[in-house]
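Per-entry structural report
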Amino acid sequence: MGAMSIWHWAIVIVVIALLFGGRGKLSGLMGDAAKGIRAFKDGLKDDGKGTADGPSEGVSALPRTDAEKEELKR
């Protein structure tokens, strides 16, 4: 019971080959996760470079309240 037979090793090798192989699903999944994290970090970066026409890229233009409009007039 303590020793692994050849069939146990064969199954372990097949599972490892499927997960970590060149075209394995896990390696593709990890690549996609890394791209998503990188895109998220890039989205969080705010250089404060807004255009004169409106807010910076990725920032939605929300309607202003009356108090905000009055503040802008001053």
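Let me begin by describing the structure that accompanies this report. (Residues numbered from 1 in each chain as written. Predicted model: local features only at pLDDT ≥ 70, side-chain atom pairs only at ≥ 80, totals over all residues. Heavy atoms only, no water.)

**So, the pattern of salt bridges**
Worth spelling out the cut-off: Only one rule defines a salt bridge in this text: a Lys or Arg side-chain nitrogen within 4 Å of an Asp or Glu carboxyl oxygen. The classification of residues rests on relative accessible area computed with a 1.4 Å probe and restricted to protein chains. Under 20% of the type maximum is buried, over 50% is exposed, and intermediate values are partly exposed. Secondary structure follows DSSP: runs of H or I at least 4 residues long count as helices, runs of E at least 2 residues long count as strands, and numbering of each begins at the N terminus.
Taken as a whole and judged by the stated rule, the model has 2 salt bridges. For the salt bridge of Lys45 with Asp42, the shortest nitrogen-to-oxygen distance reads 3.8 Å. Of the residues examined, Lys45 reaches a relative accessible area of 59% and is grouped as exposed. The shortest N-O distance in the salt bridge between Glu70 and Lys73 comes to 3.8 Å. Remark: Lys73 and Glu70 occur in helix α3 (residues 66-73); sequence separation between them is 3 residues, near one turn of the helix. For Glu70, a relative accessible area of 42% translates into the label partly exposed.

Take it as geometry only, folks, not as evidence of what the structure does.
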